[in-house]
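# Commentary on secondary and tertiary structure
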Amino acid sequence: MTARAYPYMNDKKNAILTIREYENSVAMPEEERVTYLDPRGGLHLKVGDDKAADYAEYAMKCAEYVRFGDEIDLATCGGYNSHDALKICTTPQILLDAGFEQKPMLYTQRHLLRAIAPKIDDDPHRHGLPIEQVKRFPELKKPRVRAPIQTPIAWGLLKP
């Protein structure tokens, strides 16, 4: 049973497990990780396990990020109806503050499959992105540009 089976992250072990599950699911580089494995294979926070309560909110975000990654895995294996969209996240606070409504931020399977398809010169929609990079989309929550039209399509994303 994974840490995601414990949605409230009310103990430090499950919070740390959930964070590590996300880090592994996106092949996060060691320098970006907040967890590490000791020489015996024990899982810990780099800042010390006694700080786990400080990471409870981040662990809950990681559980949502892993959920999105699981949806990507299902979609790329044909596990969804081809017309179903994947939920990246709810509307980020910065966009709510700008007047956007609280709605799910969705990603179509067609866009997903094009994003991960090998890049070719005559198709600008094929980006050749690794799956692990796409799974990190929920982390992208700062708009780079906001157009006068208030739709989610009208804003670019920039990693915080």
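A brief structural summary. Every value quoted in this text rests on a predicted model; they were computed, and no experiment measured them.

Parameters and conventions
- Residues numbered from 1 in each chain as written.
- Predicted model: local features only at pLDDT ≥ 70, side-chain atom pairs only at ≥ 80, totals over all residues.
- Heavy atoms only, no water.
- Helix = DSSP H or I, 4+ residues; strand = E, 2+ residues; numbered from the N terminus.
- Buried < 20%, exposed > 50% of the residue type's maximum accessible area, 1.4 Å probe, protein only.
- Core = buried A, V, L, I, M, F, W, Y, C linked by side-chain atoms within 4.5 Å.
- Contact = heavy atoms within 4.5 Å.
- Salt bridge = Lys/Arg side-chain N within 4 Å of Asp/Glu carboxyl O.

The next thing to look at is the environment of Glu101. Looking at the element boundaries, Glu101 is found in the loop between helix H3 (93-97) and strand E4 (104-108). Judged by relative accessible area, which is 57%, Glu101 ranks as exposed. Placed 10 residues apart in sequence, Glu101 and Thr91 show a C-alpha to C-alpha distance of 7.5 Å.

For the rest of this paragraph, the subject is the nonpolar core. In terms of nonpolar packing, the biggest core is built from 15 residues, with Phe68, Ile88, Tyr107, Leu112 and Phe137 touching the most fellow members. Going through the elements one at a time, helix H2 (56-76), strand E3 (85-90), E4 and helix H4 (109-116) are the ones with two or more residues in this core. Once residues within four sequence positions are removed from consideration, Leu112 is found in contact with Ile72, Ala75, Thr76, Leu86, Tyr107 and Val134. One finds Ala15, Tyr22, Val26 and Tyr55 within the second-largest nonpolar core, a separate group that totals 13 residues.

Turning our attention to the pattern of salt bridges. Tallying each qualifying case throughout the model produces 9 salt bridges. As a salt-bridge pair, Glu23 and Arg20 come within 4.0 Å of each other at their nearest N and O atoms. Residue Glu23 and its partner Arg20 are both found in helix H1 (residues 12-25); the two are separated by 3 residues, about one turn of the helix. With a relative accessible area of 0%, Glu23 lands in the buried category. On the accessibility criterion, Arg20 (12% relative accessible area) is buried. In this structure, the salt-bridge partner of Glu32 is Arg136, at a minimum N-O distance of 2.8 Å.

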